[in-house]
Amino acid sequence: MATQVADKSATTAVSVDVLIVGAGISGIGMAVHLRDKCPGKSFAVVERRDDIGGTWNLFQYPGIRSDSDMHTLGFKFEPWTEQKAIADGPSIMNYLHRIKTKHDLEKHMHFGHKVLTASWSSEDARWAVTAEKSDGSQVTMYANFLYMGSGYYDYDNPYDAQIEGLQDFKGEVVHPQFWPQDLDYSGKKVVIIGSGATAVTIVPVMAEKASHVTMLQRTPTWYFARPAKDWLANMLRKIMPEMWAYKIIRFKNVKLQDIGFKMARDNPQKVIDKLEKPLKKELGDKYVKEDYTPPYGPWEQRLCLVPDSDMFKAIAAGKADLKTGHIDTVTESGIKLKSGETLDADIIVTATGLKLAVAGKVAFSVDGKPVHWPDHYYYKGCMFSDIPNLAVVFGYLNASWTLKSDIVSEFTCRLLNHMDATSTRIANPVLTSEPEQQELFDFSSGYITRSLSELPRNSKAMPWKLNQDYLFEKKVLLNDSVDDGVLRFYGPNSERPADASESTLEAAE
């Protein structure tokens, strides 16, 4: 077993069985599962910021909240016990800190460590990971297995929508990813560019203090209005143990999400009717069908959650409004649309989307050869072809992130225990022939389509596939045999399996 080094200020190398990159939902979940299912394994968690939380630590814009219910965004091992199922950022941070303390994770965490490179050596059967510390120095960390819980988007650079004339605006321009905590928008005219989850969250909160808020959208979005509180969950917790109630509501919500997603694909009009009903009720004569009817079906992009219909209530009250149009240019005092209409503004919020990043933008190499992600296939949605001892979390687009995080963590623990049982140190998803390819995502969201050329490949069938079906993947990752004939197990000094070509994809191309 590798040695656990607890001194976080040390510049000497840390050597562990498992290195977890990221102390957000994915990383914390993996740490807890490791302690539970692989108690003999040493591990460390590296985090570039100075606190846990990942996304929930980074984003500080007004009203930040979950866009999934906390009975599925919460972990399977830790019940969500607050009244609101749609929770704000501080409540989620409190939940994560509670887990960190309960499971004594602090001593395993190395904050202020930004991972730069990860190099795999088959000869040594381990990863060498270089991280830059907050003081600018670098440290090398060694791990037999690497677990990437670094999220799926670029933490340094949001998507730049290249808005014409934005540099000429005399007011304040704010991107939600880097929200200034001292921003005073009281009595100000605010235009929020965008119609995704971030914009929908910000509108009703800013409308409470601003003189007026306008959400400017190029394309409408499908909205899903639901109560922030789950009355059934709150009732069950009064009559049974919290974990029992949590499991029941989690199961219920998973099933309803699955049914809703499949219904949207099979009978979209039925779903549209359900989605439109609360909008029409709250907006009344301010409901304009064209502004709330996207040119795509429900769940062809992720639905935007509107808890307690708060955005619609702000619009109905005249505190906010929604405009559909294309920007001609930004002027000194606002935005001119191509229709000729002008929107005056003191503050412009560019909620124009995120930029995807594979595996935290870390420079990977395998036996000295740089990893080019489009040359590799997803393996069971959590590993990659011909990259040994590496697991990664890429959450669902049609359900909560944590559902995927939980089962990937459990699968990885199964894998580690199988390696121990068979006295092998290398687990490699070996690609022996080129599978039939398929689009990675059946979603048309801009942040996805912009990044497809940089992402790993996807096939039509398991195991070389990234799925969007939690119930199916749960069976595969938690019940199917780890030793499936594709995932090859061997030792550090043994030859690679004879049928595993050194570069199958290169030969195919």
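Use the structure listed above.
Counting starts from 1 at the beginning of each chain's written sequence and moves along it residue by residue. Note on the predicted model: pLDDT of at least 70 is required for a residue's local features to be given, and 80 or more for side-chain atom pairs to be given and counted; whole-chain, interface and lining totals, by contrast, use all residues. The side-chain figures draw on all heavy atoms in the structure; neither hydrogens nor water molecules are used.

Draft legend 1. Local environment of the overall build of the protein. Counting its regular elements, the protein contains 13 helices and 23 strands. By the compact-globule yardstick of 23 Å for 509 residues, the protein fits well, its C-alpha radius of gyration being 24 Å. Projected onto its principal axes, the C-alpha positions of the protein cover 70 × 55 × 45 Å. When accessible area is computed with a 1.4 Å probe and restricted to protein chains, residues below 20% of their type maximum are described as buried, those above 50% as exposed, and intermediate ones as partly exposed. Taking all 509 residues of the protein together, 55% fall into the buried category. About 21,700 Å² of surface is accessible on the protein, with carbon and sulfur atoms providing 50% of the total. His is not counted, nor are the chain ends, whereas Lys and Arg count as positive and Asp and Glu as negative. Here the site of a charge means atom NZ of a Lys, CZ of an Arg, CG of an Asp or CD of a Glu. Each charge class in the protein was averaged separately, 59 positive and 66 negative side chains, and the resulting centres sit 6 Å apart. The numbering of helices and of strands both runs from the N terminus, where a helix is a DSSP run of H or I of at least 4 residues and a strand a run of E of at least 2. Atoms considered for the radius of gyration are the C-alpha atoms alone. The globule rule reads 2.2 Å times the number of residues to the power 0.38. For the area figures, the Shrake-Rupley method with a 1.4 Å probe applies, and any residue is considered shielded solely by the protein chains shown.

Draft legend 2. Focus on a positive patch on the surface. On the surface, a cluster of positive charge is made up of Lys270, Lys274, Lys277, Lys281 and Lys313. For the positive patch, the leading source of residues is helix α8 (residues 268-283), giving four residues. Mapped onto the secondary structure, lysine 281 falls in helix α8. The class for lysine 281 is exposed, based on a relative accessible area of 69%. Note on patches: the residues involved have over 30% relative accessible area and no salt bridge, like charges join within 9 Å, and the nonpolar side chains Val, Leu, Ile, Met, Phe, Trp and Tyr join within 5 Å. Salt bridges are defined as contacts in which a side-chain nitrogen from Lys or Arg sits within 4 Å of a carboxyl oxygen from Asp or Glu.

Draft legend 3. Quick peek at the side chain of threonine 350. Within the fold, threonine 350 resides in strand β16 (residues 347-350). Throughout, a residue-residue contact means that at least one pair of heavy atoms, one from each residue, lies within 4.5 Å. If near-sequence neighbours (up to four positions away) are discounted, threonine 350 is found in contact with Ile163, Leu166, Val173, Val174, His175, Pro176 and Ile193.

Draft legend 4. How the structure looks around the packing of helix α10 (residues 401-421) against helix α12 (residues 470-479). The convention used is that axes are lines fitted to C-alpha atoms, helices contributing only their stretch in contact, and that angles between N-to-C directions extend from 0 to 180 degrees. Two numbers describe how α10 lies on α12: the axes approach to 9 Å, and their chain directions differ by 15°. With respect to their mutual orientation, α10 and α12 come out roughly parallel. Here α10 runs over α12; the crossing is left-handed. Side by side, α10 and α12 meet where Leu403, Lys404, Ile407, Val408, Glu410, Phe411 and Arg414 of the first sit next to Tyr470, Glu473, Lys474, Val476, Leu477, Leu478 and Asn479 of the second. Residues are grouped as follows: Ala, Val, Leu, Ile, Met, Phe, Trp, Tyr, Cys and Pro are nonpolar; Asp, Glu, Lys and Arg are charged; all remaining types, including Gly, are polar. Partitioning the contact of α10 with α12 into residue classes produces eight nonpolar, one polar and five charged. Between 65 and 115 degrees an angle is taken as roughly perpendicular, under 35 as roughly parallel, over 145 as roughly antiparallel, and anywhere else as oblique. Crossing handedness is defined as follows: a turn of the near helix away from the far one that is anticlockwise and smaller than a right angle gives a left-handed crossing, while the clockwise case is right-handed.

Draft legend 5. Broad picture of the sheet that holds strand β15 (residues 342-344). Two strands form a pair only when DSSP identifies at least two bridges running between them. Spatial strand order, β13-β14-β15: three strands in an open sheet with antiparallel pairing. The two strands at the open ends of the sheet, each matched to only one other strand, are β13 (327-330) and β15. Sheet twist, expressed as the mean angle between neighbouring strand axes with direction ignored, is 20°. By the bridge criterion, three bridges tie strand β14 (residues 334-337) to β15 in an arrangement that is antiparallel. Across the sheet, the residue bridging to isoleucine 335 is leucine 343, located in β15.

Draft legend 6. Up close: the pattern of salt bridges. Evaluated as defined, the whole model comprises 24 salt bridges. A salt bridge links glutamate 434 to arginine 457; its shortest N-O distance comes to 3.1 Å. Separated by 23 residues along the polypeptide, glutamate 434 in the loop between β22 (426-429) and α11 (446-449) and arginine 457 in the loop between α11 and α12 bring together distant segments of the chain. In this structure glutamate 434 comes out as partly exposed when scored by relative accessible area, which is 32%. According to the relative accessible area criterion, arginine 457 is buried, its value standing at 15%. Three or more residues are tied together by salt bridges with common partners; here these are Asp36, Lys37, Lys76 and Glu410.

Draft legend 7. Quick peek at the environment of serine 119. With respect to the helices and strands, the residue serine 119 is situated in strand β4 (residues 113-121). With a relative accessible area of 30%, serine 119 lands in the partly exposed category. The residues contacting serine 119, other than those within four sequence positions of it, are Arg126, Trp127, Ala128 and Ser365. In terms of polar contacts, serine 119 uses its side chain to reach the side chain of serine 365, at 3.2 Å. In protein, a polar contact means a hydrogen-donor-capable atom and an acceptor-capable atom, both N or O and within 3.5 Å, with residues adjacent in sequence counting only if both atoms are side-chain atoms; elsewhere, any N or O pair within 3.5 Å suffices.

Draft legend 8. Fine view of the side chain of histidine 175. Relative to the helices and strands, histidine 175 is located in the loop between β7 (172-174) and β8 (189-193). For histidine 175, the residues in contact, after removing those within four places along its chain, are Pro158, Tyr159, Thr350, Thr352 and Gly353.

Draft legend 9. Molecular detail of the packing of aromatic side chains. Within 6.5 Å between ring centres, the rings of Phe, Tyr and Trp (the latter by its six-membered ring) count as paired, and their orientation is classed by plane angle as stacked under 30 degrees, edge-to-face over 60, tilted in between. Going through the model one piece at a time under the given rule, you end up with 17 aromatic pairs. Taking the centre distance of 6.1 Å and the plane angle of 80° together, the rings of tyrosine 396 and tyrosine 470 count as edge-to-face. Pair noted here: tyrosine 396 is in the loop between β21 (390-392) and α10 and tyrosine 470 is in helix α12, with a separation of 74 residues, a long-range link. Across the pair, tyrosine 470 and tyrosine 396 agree in class, each one buried.

Draft legend 10. Examining the sheet that holds β7 more closely. Reading across from one edge, β7-β16-β8-β9-β12 is the order of the five strands in this open sheet, with parallel pairing throughout. This sheet does not close on itself; its edge strands, each paired only once, are β7 and β12 (320-324). Averaged over neighbouring strand pairs, the angle between their axes works out to 20° when direction is ignored. One ladder, built from five bridges, connects β8 with strand β9 (residues 212-217); its direction is parallel. Within β9, the position partnered with isoleucine 192 by the bridge is methionine 215.

Draft legend 11. Local environment of the pairing of strand β2 (residues 43-47). In terms of residue burial, β2 counts as a mostly covered element, since five of its five residues are buried. Of the two faces of β2, the one lined by Phe43, Val45 and Glu47 and the one lined by Ala44 and Val46 are each fully buried. Summarising the sheet, strand β1 (residues 14-21) and β2 pair through four bridges and their orientation is parallel. Looking at β2, one finds that isoleucine 20 is bridged to valine 45.

Draft legend 12. Expanded view of the nonpolar core. The biggest cluster of nonpolar side chains holds 135 residues, and the ones touching the most others in it are Leu146, Ile192, Tyr223 and Phe364. Considering each element in turn, this core owes the most residues, nine residues, to α10. Counting 11 residues, the second-largest nonpolar core is a separate cluster that includes Val330, Ile335, Leu337 and Ala345. The definition of a nonpolar core used throughout is a set of buried Ala, Val, Leu, Ile, Met, Phe, Trp, Tyr and Cys residues joined through side-chain atoms within 4.5 Å.

Draft legend 13. Just the pairing of β14, in detail. Where β13 lies against β14, three bridges are found, and the strand directions are antiparallel. Considered in β14, the bridge of valine 330 is made with isoleucine 335. Between the antiparallel neighbours β13 and β14 lie three residues. The turn linking β14 back onto β15 is made up of four residues, and glycine 340 within it adopts a positive phi angle of 100°.

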